[in-house]
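Architecture and fold: a report
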Amino acid sequence: MQGNWTIRVTAKNATFKQQFVVQGATSGNGTYQATVGAADVVVTGAMWTLNIQNNPGTGFQNSDARIKFPTRVGGNYQFQIESNDGGGDLDFDDLVLTCFTPAGYQDYLAYGHVSTYSGLCLYNPCYRSHFVIDNNHAFQKALQNPRIREVIEKHYPERIPPTIVNPNPPDPGPFKPLMINLSDDRQIPNQVADLFRFENDEKANDTRGAGLKSTESIAVARTLKYSKTIQLDAKANNIANLVRRDMIGVFDNARFGCNVSDGKNISLNFEEYDRTAAEKAGNPYTGTGERRNLGFAITDMNGNYIFHYKHTLTDFFDELFTDYGTGEDVAAQVLPDLIVSIPGSTVGAPVLYESPCYFNVSRIKRIDICIPASVIPKPFNCFNGNMIGALGNVIIGGNQNSSASFAFGAMDRNSAALLNHLHADGRISSHNVLSGLNIDCAAWAGTVDVKGCLYDTQRKPTDPIISYYTIRYSKIRRSLSIAGTM
């Protein structure tokens, strides 16, 4: 959750005990019993989490939760979170929370559905106004189509690969999407701004208690009143040339062969994008403009997300518009352009994916996002009963080091079934097809994701629950051991 919200228990229809937990906020942190009619919970803070939990008799655990898309009701934005506990039904009404926040002129909501796509896609299937190529594989495929290549050469000549290729190129950064407008020669739409007038509201205040001669004074408060929405420039050319008309046909035909699925539990990072001078003139999008980080959101079990952020007013014009006199009390708010990215799995890791730019985002805007399935980290399923279950994509089998011993024999993890062997000194041998490796006694370099589980799908309800765990590592011997206590 982002920003300040008020949480209200709207409905409860469950046998199990229900509660919700707020963490990471500036104020409002705590565990709250789910009682319809209880006092609203006011939460403030830049970023915080909200979890709905249920107790089936063995302790509280997280419930499945899904969000409903937000709406504006009166002066508030609001949405609902529906949950389903471990009971026999799947109706998602065991506990329902309503979250609402004032819809001020600086408060913006982006929401929508995230999908992953794969297959024979030549373009991003979610972006409808532009032909978007957002990954290198699709880019190489597009260059093989003469009509698409001709358009790319016109708008992105610098992206055409050279004839002589460096055999040892540096690691590439995130792929900067290509965006080709299919409707006119202006590649980026005009910037749009909302205009507001400052108005004075007079209010009589009784000042007799202050011992003043006057019985009342007039206090003047300035408020913002929406005036209208304008375009900052208007130089579009709506004449599509023959090559682009051919491109539209390719765009329509390329829809077939795309496999799309829900993007569940994906972290999304949002940035506000400042167009370059060339982009403001209508030239193709480059992604090289300045950016401001806004925060992140996580999709729910269905791939839906809500992101709340602030966008301030800009008093940048006195003489820019002829329909407002110089010095007239007017403020403008240029609608923001947004970029969505998927961060790496560790701090400082490269960005895994960067979306095309979403232009002129209004205060409450649905943005459906499609992400190449190839860039999503492979999920790690807890199935092998080991607290160190994988290093990166290499699944670790063998005997669990249940004694937390540093003896080489105890730390050696060799699994003939998985064809993976983690030696006690850290060397790795892997011939498992899932890891994509075929190596013996290899060393590690860089940062390695250590994945493990305190609970896996093989655990029986009667098995003891782990209450404490210890992580031990040795810098000298480059070894790691984890032990748990039942």
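Attention here is on the structure that accompanies the text. (Residues numbered from 1 in each chain as written. Predicted model: local features only at pLDDT ≥ 70, side-chain atom pairs only at ≥ 80, totals over all residues. Heavy atoms only, no water.)

Things to note about the overall build of the chain
Helices and strands together make up the secondary structure of the chain, namely five helices and 33 strands. Scored against the burial criterion, the 486 residues of the chain give a buried share of 42%. Taking contacts inside the chain between residues at least 6 apart in sequence as the whole, the part at least 24 apart equals 64%. As displayed, the chain offers around 26,300 Å² of accessible surface, 53% of which is attributable to carbon and sulfur atoms. (Helix = DSSP H or I, 4+ residues; strand = E, 2+ residues; numbered from the N terminus. Buried < 20%, exposed > 50% of the residue type's maximum accessible area, 1.4 Å probe, protein only. Contact = heavy atoms within 4.5 Å. Areas by Shrake-Rupley, 256 points an atom, 1.4 Å probe, with all protein chains shown as cover.)

Here's the deal with the packing of helix α1 (residues 136–143) against helix α2 (residues 146–155)
Interaxial distance between α1 and α2 falls to 7 Å at its minimum, and their mutual angle equals 110°. In terms of axis orientation, α1 runs roughly perpendicular to α2. On α2, the residues that touch Phe139, Ala142 and Leu143 of α1 are Ile148, Arg149 and Ile152. (Axes fitted to C-alpha atoms, helices over the stretch in contact; angles between N-to-C directions. Parallel < 35°, antiparallel > 145°, perpendicular 65-115°, else oblique.)

Topic: α2
Of the residues making up α2, those classed as buried are Ile148, Val151, Ile152 and His155. Seen from one end, α2 has its buried residues packed into an arc of 100°, which puts them on one side. N-cap assignment for α2: the residue whose side-chain oxygen lies 3.1 Å from the backbone N of Arg147 is Asn145. (Arc of directions from axis to C-beta. Polar contact = N/O pair within 3.5 Å; in protein donor to acceptor, adjacent residues only side chain to side chain.)

Thoughts on the sheet that holds strand β27 (residues 413–415)
Within a sheet, each strand pairs with its neighbour through backbone hydrogen bonds, oriented either parallel or antiparallel. One open sheet accounts for four strands, arranged β27-β28-β29-β30; its pairing is antiparallel. Either end of the sheet is taken by a strand with one partner, and the two such strands are β27 and β30 (439–442). Strand-to-strand twist in this sheet, taken as the mean axis angle between neighbours without regard to direction, amounts to 5°. Relative to strand β29 (residues 428–430), strand β28 (residues 420–422) runs antiparallel, the two being bridged by three bridges. (Pairing = 2+ DSSP bridges.)

Quick word on unusual backbone geometry
Even without being glycine, Asn265 reaches a positive phi, approximately 55°. With respect to the helices and strands, the residue Asn265 is situated in the loop between β16 (258–262) and β17 (267–273). The phi dihedral of Asn360 falls on the positive side, at around 50°, and the residue is not glycine.

Let's talk about the state of the cysteines
Covalent bonding between the sulfur atoms of two cysteines is what defines a disulfide. Here the structure, examined in full by the defined rule, presents two disulfides. At a sulfur-sulfur separation of 1.7 Å, the disulfide partner of Cys121 is Cys258. Residue Cys121 is located in the loop between β11 (107–119) and β12 (130–133), and its partner Cys258 is located in strand β16; the two are separated by 137 residues in the primary sequence. Residue Cys121 is classed as buried on the basis of its relative accessible area of 8%. Note that Cys126 is cross-linked by a disulfide to Cys370, the S-S spacing being 2.0 Å. In this structure, the disulfide formed by Cys126 and Cys370 twists by about 50° around the S-S bond and is classed as right-handed. Taken together, the positions of Cys126 in the loop between β11 and β12 and Cys370 in strand β24 (residues 369–372) put the pair 244 residues apart, joining distant regions of the chain. (Disulfide = S-S within 2.5 Å.)

Side note on the pattern of salt bridges
Note on pairing: side chains with opposite charge can pair once their charged atoms come close. Taken as a whole, this structure holds ten salt bridges when the rule is applied. Among the ionic pairs, Glu82 bridges to Arg66, the shortest N-O distance being 2.9 Å. In this pair, Glu82 is assigned in strand β9 (residues 76–84) and Arg66 in strand β7 (residues 64–67), connecting sequence segments 16 residues apart. Its salt-bridge partner being Asp368, residue Arg366 comes within 3.0 Å of it at the nearest N-O pair. Among the charged side chains, a salt-bridge network with shared partners connects Glu271, Arg291 and Glu354. (Salt bridge = Lys/Arg side-chain N within 4 Å of Asp/Glu carboxyl O.)

Concerning the layout of surface pockets
Considered as a void within the structure, the second largest pocket measures approximately 850 Å³ in volume. Those elements that provide at least two residues to the lining of the second largest pocket are β5 (49–55), β7, β9, β18 (291–298) and β19 (304–310). (1 Å grid on protein atoms, 1.4 Å probe; cavity = no way out; pocket = protein on both sides within 12 Å on 5 of 7 lines; lining within 4 Å. Points joined across faces, edges and corners; volume = space filled by probe spheres on them.)

Digging into the nonpolar core
Of all hydrophobic cores here, the largest spans 49 residues; its most connected members are Ile133, Ile152, Leu268, Tyr285 and Ile369. Ignoring sequence-local partners within four residues, the contact set of Tyr285 consists of Tyr156, Pro177, Met179, Ile188, Tyr273, Glu279, Arg291, Ile339, Glu354, Ser355, Cys357 and Phe359. Grouped together as the second largest cluster of nonpolar side chains are 23 residues, Val22, Ala34, Ile67 and Ala103 included. (Core = buried A, V, L, I, M, F, W, Y, C linked by side-chain atoms within 4.5 Å.)

Comments concerning the sheet that holds strand β25 (residues 390–391)
The three strands are arranged β26-β25-β31 in an open sheet whose pairing can be described as antiparallel. Each edge of the open sheet is held by one strand with a lone partner, namely β26 (394–395) and β31 (450–451). The sheet contact formed by β25 and β31 spans two bridges and is antiparallel. Directly across from Ala390, in β31, lies its bridge partner Lys451.

Description of α1
Restricting attention to buried positions, one finds in α1 the residues Ala138, Phe139, Ala142 and Leu143. For α1, the angular spread of the buried residues around the axis is 140°, confining them to a single face. Looking at the buried positions of α1, the neighbouring elements they touch are β12, α2 and β13 (178–181). You can read the cap of α1 off the contacts: a side-chain oxygen lies 3.3 Å from the backbone nitrogen of His137, and it is on Asn135.

A look at the pairing of β5
The element β5 is extensively covered by neighbouring structure, given that five of its seven residues are classed as buried. For β5 and strand β6 (residues 61–62), the ladder comprises two bridges, and the chain directions are antiparallel. If you follow Asn54 over to β6, its bridge partner there is Gln61. In textbook terms, the turn of a hairpin is the stretch between consecutive antiparallel strands, and for β5 and β6 this stretch comprises five residues, one of which, Gly57, has a positive phi near 120°.

Thoughts on the packing of aromatic side chains
The description of an aromatic ring pair uses the distance of the two centres, along with the angle that the planes make with each other. Considering all chains together, one arrives at twelve aromatic pairs under this definition. Ring centres 5.8 Å apart and planes at 40° place the aromatic pair Phe270 and Tyr305 in the tilted group. Here Phe270, found in strand β17, pairs with Tyr305, found in strand β19; they are 35 residues apart in sequence, far enough to count as distant. For Phe270, a relative accessible area of 1% translates into the label buried. Put simply, the rings of Tyr108, Phe270, Tyr305, Phe307 and Tyr309 touch in pairs and so form one group of aromatic residues. The ring centre of Phe139 lies 6.0 Å from the NZ or CZ of Arg159, which sits over that ring. (Phe/Tyr/Trp six-rings, centres within 6.5 Å; stacked < 30°, edge-to-face > 60°. Lys NZ or Arg CZ within 6 Å of the ring centre and 35° of its normal.)

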